[in-house]
Each structure stands twice: as C-alpha cells, then as structure tokens.
Amino acid sequence: MSSKLEALQRWVDEVAALTRPAQIHWCDGSETEYRQLVQQMLQTGDLIELNQQTHPGCYLHRSNPSDVARVEHLTFVCTKDEEDAGPNNHWMAPADAHAKMDALFDGCMEGRTMYVIPYCMGPIDSPLARCGVEITDSPYVVINMRTMTRMGAPALARIEREGSFVKGLHSTGELDPERRFIMHFPEELTIKSYGSGYGGNALLGKKCHALRIASYQAKSEGWLAEHMLIVGIENPKGETHYIAAAFPSACGKTNLAMLIPPEGYRKDGWKVWTVGDDICWMRPGADGRLYAINPEAGYFGVAPGTSDGTNPNALSTIAKDTIFTNVAVTADNQPWWEGLPGTPVTDWQGRPYDPANGPAAHPNSRFTVSAKQCPTWSSHAEDAQGVPLSAIVFGGRRPSLVPLVFEAKDWAHGVLVGAAMGSETTAAATGAVGVLRRDSMAMKPFAGYHYGDYFRHWLSFDRPGAKLPKIFHVNWFRKGEDGRFLWPGFGDNLRVLEWMIQRVEGQAAGVDTPIGTLPAKGELQLDGLALDAHTLDTLLHVDHAGWQDELAAIGEYLHSFGDRMPQQLHAEQQRVAQALDDAADAPRAALAS
Ligand code: OXD
Ligand code: MN
C-alpha cells in the first residue's frame, strides 16, 4: 500500500476502533456490489421492490418519519475562530464538536457493517474535481452514493495519486432527533454526521462536501462551489450558451435544468442540454471565462410536482433504475406522488392512504437516479475542463415586488443581487414553510464560512482579463391579487433565457431602471402564450416605492454581517438606493421646472 493510502487506512482503523463494527467493507462501486446491497436491503425491509414491469430496477425506501429533511438547526460549521463561520452558520468549537460526536460514535456500529466509500465529486479526470471518503453504517447511503458520485476503484486510484481527500464519517445512530448533528470542520476537511439517514444529512458528498467544505476550499484555491444548476441552451444556429442558476431548495432547479422548449421553439430548432441540477463548481479558465462542472453524477430530486406537464424529461429519467424515498404507492405497486395521474393506496409511511393524514407522498420525497438517464443529458457534462458560462441567474419564490427578470448592471451589482436573494421557505428543510427569508445565492444553508468573506470572494473574480458571465435575477413565482401565479413557468421559462442570451450577444437593448435592465417592450418572445397586456405589465413593473423599502431591508441585512461585509457591497446597495431615490425625485423635479 502506498504511503498516501496508508493515511486513509490509518483513519479507517481509527474509526473502526471507535465505532467497533462487526465487519468492514471497502466499496468498489461495481454493479455486482450494488446488486448485492439491494438484495440485502430487500431482505431487511430497508428497500421495497416496486412494480418491475413498469419500473425495472426501481425500489422504495421509507425513512423514519422524524428523518425526512435537512436539519439546519443541527448543522454546524466548526472553525477554530467563531468569526470565520459567520452569523450565517451555527458554530461549535472544534474540540467540543469532536468530543460530542466521538461520544455518539463510540461503539455505534457494533454488530453492523462499516462501509468505506471512496468517491470523486466531478468527472474523474477533471482538474476541478475533488475526492472524498465517506465511512458509513448505512447501505442506503452506499447505494445512493454510487448513483450520486463517481464512487469506488477509480476514485481510490485518484486519492492514491493526490493524497488528499475529504474525510466524512456517518452513522444513522438511533435516528433520535435529540442525538442528531451534522458537523463540518472545514480547516480539517472533515465531516461528522450522526443520527440521520436523510440524503442531505447522510450522503456526505452532496451538501456537506460539495457545498460546505468545497466552498471553504474554493475560497483559498480561487474557485466557487455553488448551489446552482447548469444548463446548455442551443439556438437554431447550433450555438450553445451555458447558464448556471441558483435557486433555494425545492424551487424548480431540476425542472429548469431539464426544460422542454415550447412548441414554437422546438419547431425552430431550440434544444436544451442538462449538465447539472443542484451543484456547480466553477473557476476562471485561461481565456478569462468562468468554466463550470457538475460535481455530482446523479439527481436527488424532489418527487412531488414532477409530472408529464412539469418535467417529462425527469419522468422518463426515473422510469428505471431509481431509488425512491418516501413516495406513496399505487395498487399495482408503482411509485406515486401528488401531481401524477392514478391513485395512491399506501402513503409514504406505509399506511393505507387517508387524505386526513396529509399528502400521500411526503412533500420532500425524493428520487435518486443516474444523471446519464436523462434524455437531455449534455454530451459536455463530462468535459474535464467544464463548460464556459454565459450567464449566472439568481432567483427565488417572491410572490410580490420582484419582476420576472432583470439584469445586473455589472459583476459587483450582480453580487449584490445574489446577496439580496430572498425566497419563501419550502419542505426541503425542517421548519415553517412559506416564510420569506433571505437566502443569499441560495447558499444560506450551505456556505461553509462567513457570508461577508464569501461575498468578498465573489467580488474578487472581477479582475483584469476576466470575461465574466452576465448576472440576472428571475422570479417565476410572482402572484396576482387572486393568489395565482402570473407567469406559466416550466418550458416557457426559455423565453426569459432567450432574452438573456440576446443580452449576452448584444442583440437586445433592454430598458435601464434603477434596479437593473429589464426587457424592453416586444423583446420577450411571447408567441403562442396567452398572456394579457396587464399581466405582462405587472410582471415587468418596477414598483419604485416597494423597491426603496426592499433596498432599506437589504442594507440592514448586509449590516447584520458586521465588519467582514465588504465595503464595496455596501456601496453598491447605496448606489441602487440612491438611483431609486433619484427616480422618485425626477417627476417632482420635472413638475418644478
Ligand atoms: C437538495 C436541497 O436536496 O437543496 O438539493 O435540499
Ligand atoms: Mn439543493
């Protein structure tokens, strides 16, 4: 064994001495290993076979009802200096956190198998990719990690070459919410997670490594780890623009990444290519552009709402070889969730379905599936150097005020727009749903360090020679007075992306406003869409008074991060606030003259 792998072996030995498993299994990531684990889990009841005629290779996992979402209040960033974690994270001193976790891990794998999972986040030969090793006692985690990462022998070979890897230790423990913690030690490239089997808490390659630890690594190494989808839009000339877009959890990233163009667009030859649906790692290339990879190899998507109407690509992606978690089941044993045709007979907890118990599928029920099964999987998704980005999009659920789309004036303004992002909360995390909260760059639950330092890092990409993507903000979720959505969304979102591409290519003039550039009349392609003029006006209206209040709230929000908030961002907030005040004064000035 090479000395680099000896370091891994030493850590595995230490963990085994602490957790005392009955046996240790080093995962090779093979199909045979996967099949064996599935068989074993079918026997223990951890997996339930679904209808193999309609859904070959598909299985259902029911989690403990108290363990169905990320637990942000139990998630900690444990830096030596509390300030480094920032007010955006829960913090614990590393020594205390290790002591707390090691007490929980003590003997926790007795009688169980300890799995050692070497994995790579990103294409295995990509310089942007990074490796990790997760140790877990959950076979459910192993089979999901096999789909979500490049797992097994090739990852181990890369770890042997490079020597460095992120250490993740996980145990489902007793699934007791009182004994559940997700701890990150960015300075030690280490994660310790106990007491949950839920994806975001237990598949450590995803949120824990690819966002919290990676964002920290990225700061010192000059790149960005973001909560963004990556999609390629091919125009009728055969040119593809890649767009990365950040939305908070369960706001439609998977749908946008797999969008099907409206009929007229399809006839004209527009195509959409999926690179990633949740996480984007990007860094400047030699030509000054930002290049992006999807560090994941699969989708861990929200099932409810996924239907033929909303996302037919996702539906065909998950027609085979998919693990479903906490969905309902029909009489003929097909997976079911709200939004699908058919009738559930058994709910997500395995009870006979009764509407009095709430939705049949848990609102955060999920599917885990290989990205390659997506009909629109991009042939460039495996490019080692990544794909060049033309645009970055920020968005959230904003029922009022925020227009359908606007473009930031420049990079610094774009960073402000991302920092100011707000959205109604969803079922992806425990806690109240539908409450407006600021979620800067959709990274509130995931930035592994102080938001002030994070924004400073973002600002630093604007340097001589940089050819940065344009930054936009969208709001698909604007509601009318009757509470209904004003914009049809889904495939029709391509109309907005087309306008962005026109802006990138210098083909749309737009209208300048204090908050940014909006589409000028006629610039949004609306053929085939029944959208009345009043609705369009509302969608593209800038309510100056409302925005003055919003800018004041953004100002307060920035100040809540104290001295580490870069002055440049305060200046940007003041610039926009002043532009709004000037615009409000302009009509008065005109009257006076
Ligand atoms: C996810 C999330 O699972 O953001 O992607 O919660
Ligand atoms: Mn996510």
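Conventions we followed
Residues numbered from 1 in each chain as written. Chains lettered and ligands numbered in written order. Predicted model: local features only at pLDDT ≥ 70, side-chain atom pairs only at ≥ 80, totals over all residues. Heavy atoms only, no water. Helix = DSSP H or I, 4+ residues; strand = E, 2+ residues; numbered from the N terminus. Polar contact = N/O pair within 3.5 Å; in protein donor to acceptor, adjacent residues only side chain to side chain. Buried < 20%, exposed > 50% of the residue type's maximum accessible area, 1.4 Å probe, protein only. Near = heavy atom within 4 Å. Areas by Shrake-Rupley, 256 points an atom, 1.4 Å probe, with all protein chains shown as cover. Nonpolar A, V, L, I, M, F, W, Y, C, P; charged D, E, K, R; others polar. Donors = N, O, S within 2.8 Å, 3.2 Å for Na, K, Ca; no water. Pairing = 2+ DSSP bridges. Domains from an automatic or database assignment. Contact = heavy atoms within 4.5 Å. Buried area = accessible area lost by both parts, 1.4 Å probe. Salt bridge = Lys/Arg side-chain N within 4 Å of Asp/Glu carboxyl O. Expected span 1.5 Å × (residues − 1). Bend = angle between axes of the 7 residues up to and from the residue. Phe/Tyr/Trp six-rings, centres within 6.5 Å; stacked < 30°, edge-to-face > 60°. Axes fitted to C-alpha atoms, helices over the stretch in contact; angles between N-to-C directions.

S.K.: I tried to follow the side chain of Ser249 on my own but got confused; where do I start?
M.R.: Looking at where Ser249 falls in the secondary structure, it is placed in the loop between strand 14 (240–246) and helix 9 (253–257). Within the structure, the side chain of Ser249 is placed 2.9 Å from the side chain of Arg70, a separation counted as a polar contact.

S.K.: Would you mind going over unusual backbone geometry with me for this structure?
M.R.: Apart from glycine, the bulk of residues carry a negative phi angle, and the bulk of peptide bonds sit in the trans form. The backbone of Leu189 sits at a positive phi, close to 45°, despite the residue not being glycine. Mapped onto the elements of the fold, Leu189 is located in the loop between strand 10 (181–185) and strand 11 (190–194). The exposure class of Leu189 is partly exposed, given its relative accessible area of 22%. At Leu401, a position not held by glycine, the phi torsion is positive, near 65°. Secondary-structure assignment places Leu401 in the loop between strand 24 (387–395) and strand 25 (405–407).

S.K.: Can you walk me through the site of ligand 1 in this structure?
M.R.: Surveying the vicinity of ligand 1 reveals the residues Arg70, Lys206, Lys207, His227, Ser249, Asp278, Arg366, Ala428 and Phe446. At 3.3 Å, a side-chain N or O of His227 approaches an oxygen atom of ligand 1. Residue Arg366 places a side-chain N or O atom 2.9 Å away from an oxygen atom belonging to ligand 1. In the complex, the protein chains occlude 96% of the 210 Å² of accessible area that ligand 1 would expose alone. Classifying every residue of the shell around ligand 1 gives 2 nonpolar, 2 polar and 5 charged.

S.K.: Got a minute to help me understand the coordination of the manganese ion (ligand 2) in this structure?
M.R.: Taken together, Lys207 (NZ), His227 (NE2) and Asp278 (OD) make up the protein donors of the manganese ion (ligand 2), found 2.2 Å from the metal. Between the donor residues of the manganese ion (ligand 2), the gaps in sequence give the motif K-x19-H-x50-D. Of the two residues, Lys207 sits in helix 8 (residues 205–221) while Asp278 sits in the loop between strand 15 (271–276) and strand 16 (280–284), which places them 71 residues apart along the sequence. With relative accessibility at 6%, the residue Lys207 sits in the buried group.

S.K.: Explain the pairing of strand 6 (residues 113–121) to me, please; I cannot follow it from the model alone.
M.R.: Where burial is concerned, most of strand 6 is hidden: 9 out of the 9 residues are buried. Side chains of strand 6 alternate between two faces, with Thr113, Tyr115, Ile117, Tyr119 and Met121 and Met114, Val116, Pro118 and Cys120 buried alike. Both strand 1 (residues 23–26) and strand 6 contribute to a ladder of 4 bridges, which runs parallel. Note on strand 6: the bridge partner recorded for Ile24 is Met114. The pairing of strand 6 with strand 7 (residues 130–136) spans 7 bridges and is antiparallel. For Ile117, the partnering residue across the bridge sits in strand 7 and is Glu134.

S.K.: Looking at this model, I keep getting lost on the domain arrangement of the protein chain. Mind explaining?
M.R.: Size of an interface, as often reported, equals the accessible area lost when the parts are brought together. Domain annotation for the protein chain reports domain 1 (6–47 + 71–222), domain 2 (226–296 + 379–546) and domain 3 (298–373). The straight-line distance from the C-alpha centre of domain 2 to that of domain 3 is 27 Å. Contacts between domain 2 and domain 3 engage 13 residues on the former and 12 residues on the latter. Note on domain 2 versus domain 3: buried area summed over both sides is about 1100 Å², and carbon and sulfur give 59% of it. Its largest share of buried area at the contact with domain 3, domain 2 owes to Met258, Ile260 and Ala427, together 38% of the area lost on that side. Viewed at the interface, domain 3 and domain 2 are joined by 0 salt bridges. Scanning the region where domain 2 abuts domain 3 turns up 2 residue pairs in polar contact (both at pLDDT 80 or more). Of the residues belonging to the side of domain 2 that touches domain 3, the class tally is 7 nonpolar, 3 polar and 3 charged.

S.K.: Would you mind going over helix 8 with me for this structure?
M.R.: Three- or four-residue spacings in an α-helix give side chains the same orientation, since the helix completes a turn every 3.6 residues. If you check helix 8, its first and last C-alpha atoms are just 19 Å apart, much less than what 17 residues at 1.5 Å a residue would give, namely 24 Å. Residue Ala214 marks the point of greatest curvature in helix 8, where the axis turns by about 45°. Most of helix 8 sits out of view: 13 of its 17 residues are buried. Positive backbone phi, at 85°, marks Gly222, one or two positions downstream of helix 8.

S.K.: Sorry if this is basic, but what is going on with the packing of aromatic side chains here?
M.R.: The geometry of an aromatic ring pair is captured by two quantities: the separation of the ring centres and the angle between the planes. This structure, assessed with the given rule, holds 19 aromatic pairs. Judged by centre distance (6.4 Å) and plane angle (25°), the rings of Phe247 and Trp476 are stacked. Residue Phe247 is located in the loop between strand 14 and helix 9, and its partner Trp476 is located in the loop between strand 28 (470–474) and helix 14 (493–504); the two are separated by 229 residues in the primary sequence. Note on accessibility: Phe247 and Trp476 belong to one class, buried. With a centroid separation of 6.0 Å and an interplanar angle of 70°, the aromatic rings of Phe477 and Phe485 are classed as edge-to-face. The buried category is assigned to Phe477, whose relative accessible area is 13%. Linked through ring pairs, Tyr449, Tyr451, Tyr454, Phe455, Tyr557 and Phe561 together constitute an aromatic cluster.

S.K.: What is the right way to look at the sheet that holds strand 2 (residues 48–49) in this model?
M.R.: Backbone-to-backbone hydrogen bonds pair the strands of a sheet. The strands run either parallel or antiparallel. The strand order 2-3-19-23-18 describes an open sheet built from 5 strands, whose pairing is mixed. Looking along the sheet, the strands with just one partner apiece sit at the ends: strand 2 and strand 18 (298–302). Sheet topology places strand 18 next to strand 23 (residues 366–370); 5 bridges connect them, and they run antiparallel. Following the sheet pairing, Gly298 is matched in strand 23 by Ser370. The strands touched by helix 2 (residues 31–44) within the sheet are strand 2, strand 3 (59–61) and strand 19 (323–325), with strand 3 carrying the most contacts at an inclination of about 60°.

S.K.: Would you explain the pairing of strand 7 in this entry?
M.R.: Looking along a regular strand, one sees the side chains alternate between the two faces of the sheet. Among the 7 residues in strand 7, 7 count as buried, and that is most of the element. Here strand 7 shows a buried face lined by Arg130, Gly132, Glu134 and Thr136 and a second buried face lined by Cys131, Val133 and Ile135.

S.K.: How should the pattern of salt bridges be read in this particular structure?
M.R.: It is possible for side chains bearing opposite charge to pair when their charged atoms get close. According to the stated counting rule, one finds 30 salt bridges in the structure shown. Of the charged contacts, one joins Asp278 and Lys206 as a salt bridge, the two residues approaching to 2.9 Å between their closest N and O atoms. Placement of Asp278 in the loop between strand 15 and strand 16 and of Lys206 in helix 8 is noted, with a sequence separation of 72 residues between them. Each member of the pair Asp278 and Lys206 is classed as buried.

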